[in-house]
Amino acid sequence: MIQRKKRRIVLFLPHRADPAQGVRVSADLTPLELLQIATYPCQEGYEVVLVDAMIHEDDYMDRLEEACDGALLFASSCILGFQVAHGARVAKKVREKFPDLPMVWGGWFPSVAPELYLREGIADAVGLGQGEVTFRDVVQAIDNGTDLADVPGLVVLRDGKPHYTAHRPVVGFDSIPPVPWHLLDFEAYVHRQNNTGAAKIRHKYPDPWDMPAGTPLRGFSFFSSYGCPEPCTFCCSPEVTGRRWKAIPGDVLAEQVLELHDRFDFNVLRFQDANFGVAEKRSNAFCEGLLAAGAPFWWNATYEIETIARYKEPSLDLMAQSRFHMAALGAEAGSREQQENIKKKIKIPDVEIALRRLNERGIQSGTSWIIGYPQETRESMLETLRVAAEMKRLFPRSASDIFPFRPIPGTEDYDTAVRDGYRGPQSLEDWGGVLEYKLEVDDIQLPVDVLRAWRRYGVTSTFYDNLATEGSGVLRAAMKQISGWRLKHSNYTFPLEHKLYHWYVKFSGQTQADLIKKDMTSGVTPHAPA
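Residues numbered from 1 in each chain as written. Predicted model: local features only at pLDDT ≥ 70, side-chain atom pairs only at ≥ 80, totals over all residues. Heavy atoms only, no water.

## Comments concerning the packing of helix H19 (residues 448-464) against helix H20 (residues 473-489)
Here is step 1: Where H19 meets H20, the axes come as close as 8 Å, and the angle between the chain directions of the two elements is 135°. The orientation of H19 with respect to H20, classified from their angle, is oblique. As for how H19 packs across H20, the hand of that crossing is left-handed. Contacts between H19 and H20 involve Tyr457, Thr460, Ser461, Phe463 and Tyr464 on the former and, on the latter, Met479, Lys480, Ser483, Gly484, Arg486 and Leu487.
Here is step 2: Residue composition of the contact of H19 with H20, grouped by class: 5 nonpolar, 4 polar and 2 charged. (Axes fitted to C-alpha atoms, helices over the stretch in contact; angles between N-to-C directions. Helix = DSSP H or I, 4+ residues; strand = E, 2+ residues; numbered from the N terminus. Parallel < 35°, antiparallel > 145°, perpendicular 65-115°, else oblique. Left-handed = near helix turned anticlockwise from the far one by under 90°. Contact = heavy atoms within 4.5 Å. Nonpolar A, V, L, I, M, F, W, Y, C, P; charged D, E, K, R; others polar.)

## So, the sheet that holds strand S10 (residues 219-222)
Here is step 1: Taken in spatial order, the 6 strands make up an open sheet running S10-S13-S14-S15-S16-S17, and their pairing is parallel. Only two strands of the sheet have a single neighbouring strand rather than two, namely S10 and strand S17 (399-404). Taking the axes of each pair of neighbouring strands and ignoring which way they run, one obtains an average angle of 20° across the sheet.
Here is step 2: Two strands pair when backbone bridges link them, and S10 and strand S13 (residues 268-271) are joined in this way by 4 bridges, in the parallel orientation. Bridge pairing in S13 links Ser221 to Arg270.
Here is step 3: Strand contacts of helix H10 (residues 250-264): S10 and S13, with the helix running at about 145° to S10, the strand carrying the most contacts.
Here is step 4: Relative to strand S16 (residues 364-371), helix H16 (residues 378-394) is tilted by about 165°, and along the sheet it contacts S16 and S17. (Pairing = 2+ DSSP bridges.)

## Describing the sheet that holds strand S6 (residues 125-127)
Here is step 1: As summarised here, the arrangement of the 7 strands in space is S3-S1-S4-S5-S6-S7-S8, forming an open sheet in which the pairing is mixed. Lying at the two open borders of the sheet, with one neighbouring strand each, are strand S3 (47-52) and strand S8 (161-164). Taking the axes of each pair of neighbouring strands and ignoring which way they run, one obtains an average angle of 25° across the sheet.
Here is step 2: Examined bridge by bridge, strand S4 (residues 73-77) and strand S5 (residues 103-106) share 4 bridges and lie parallel to one another. Residue pairing in the sheet places Ser76 in a bridge with Trp105 of S5.

## What to know about empty space enclosed by the protein
Here is step 1: Tallied over the entire structure, the rule returns 5 cavities of 30 Å³ or more.
Here is step 2: Approximately 90 Å³ is the volume found for the second largest cavity.
Here is step 3: Taken together, 13 residues make up the lining of the second largest cavity; nearest its centre are Asp28, Lys204, Tyr205, Leu217 and Val268.
Here is step 4: Partitioned by chemical class, the residues of the lining of the second largest cavity number 5 nonpolar, 4 polar and 4 charged. (1 Å grid on protein atoms, 1.4 Å probe; cavity = no way out; pocket = protein on both sides within 12 Å on 5 of 7 lines; lining within 4 Å. Points joined across faces, edges and corners; volume = space filled by probe spheres on them.)

Laid out in C-alpha cells, this is it:
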C-alpha cells in the first residue's frame, strides 16, 4: 500500500514594526503564535514551513513563493499595529501569485475584525480566539476537501456573506501536543538581539539589573497560559477568550522551561502571557521548580497591580530568589473614577504598594498608563499624569509610560467611541497605523493642556532617566534634578531648561542623530513621547 504524502503548510509572521522607518521589535519575541498552531500538523506528519519577516527580512517573499508553490494552505497571524498592514500586503501578493491557494488567518486582530479579511479577499477562513484545535480541523478539512463551514470557531464566506460557524470552547494546554521547537531557528533570533545595527528596537524589556555588563543576550519567549479573567473595557481579551484563563501548572511549567533551557541555553525568559500571575500557588510552584534547579536564568512576566499587592510576602520572596527580574504591569488609570469606568478597579494606593514591594526586592517594574478613554474627564487624565509622574519619581529605575487611548475593535470602549462619533479605519492598511503614536493623536481629541502636559512629561522623564546623553555629567545631573522636581509637583510650565539644553547641544556641536532616544510603541520601555 502506497502511503499518500502529506502536503505543505506555509506559516508566515509579518513584520511587527515598519523597517522602512528604521525600527523593529526586540528579537526575543519569537513566533510563538505560529509555533502553537503548528503543533497538530507537525504531529500528524504535515510538512510545515515557517517564515518570519524579522528573521528572513532580506528574502521572505522569495521563501514564501517557493514554499507556497504546491502547498496545501497559507496561514498567518497578527496583532494590532503594523503587522496588520504588512500581513495584508504580503497576503495580497501571495494571493495574486497563487489564486487557488487556501488562506487562513488567526490571532488577536483577525479574531475581532474577521470580516475585513474576507472582504479584502485574503482569507478563505478566519479563526476566532484560541487557534490550535481550530487550525488542526482546518488543515484536515482542506486536505480532505470538506466544507470549512463545518469547522467550529471560524468565519467563512457563504453566498457572499460572512458565516460564523459553531462556537469553539477554550481547551487547556494538556489537550494540545508539544510545541514543535525544531521549526525555530533560535540562533537567528539571538544574532539579532545582539546585533541591532542602526534600527531602533521596540518592545525591548530592560536587561536585568544584576546582569553583568557586556553579557550577550539570549532571550527566549514562551506561552504558559491563554486568556485573562479580567473584564477590562479597553481590551479585546474578554470577547476573544470569554474571560477564560487556561494555564500550564507551575511545577509542569518549570520542568518544560528547564528542558528548553537545556536545549537553547537562553539566559532571559519572557512569558508572552496576557496575565501570568493569576494564581499565586501556581506562581510559587513555578518559582520553587526553578530554585530546585539552581535558577539558571532570569525571567519576566505580566502581573496585575492588585496581584502583586495581594501576594503574600514569601511568594514575592520566591519570585526574587528564582531570578524574576521584571513585572510588566498595567495600571491604566490614575483616578478611582476611571478605574471603575474601565472595570479594572485597581485601588490607586495599591499602585505604589505593588511597585515598592517589587523594587525593594530588586525586581524592576514596568508600568503602563492610558489617557483619553471615551468620555474620560480632563480631570481624570490629569490625575493619571500626576500619579504616573509620582511613580516615575519614586521608582526612577522603572518605567512609567503613558500612552494615548486607541479604540480596539472587539472592546466595550471601541463601541462607546463609535457611539460617540469615532470612525475607525476601514481597511487593513489603515488599521496597520493606529498604534504609531508619534504620527497622530488628534483623532482622540485630548484637551490641549493635557496633550501639552503629556508631551512635556515625556521629555521630563527622558531627562530623569538619563536617556539624553549629550552634554557634561554636571549638565545632565542638573537636568535630572530639575526633572525630579517637575515630576514631584506635576509642574511642566515654562520648561526653559529644555530649550536651553537643546540650544546648548546645537551650538556645542554635540548633536547626535537622536537627541533624545524615544520609543512611541506600546510596551514597557523607560521612555515616553518627547
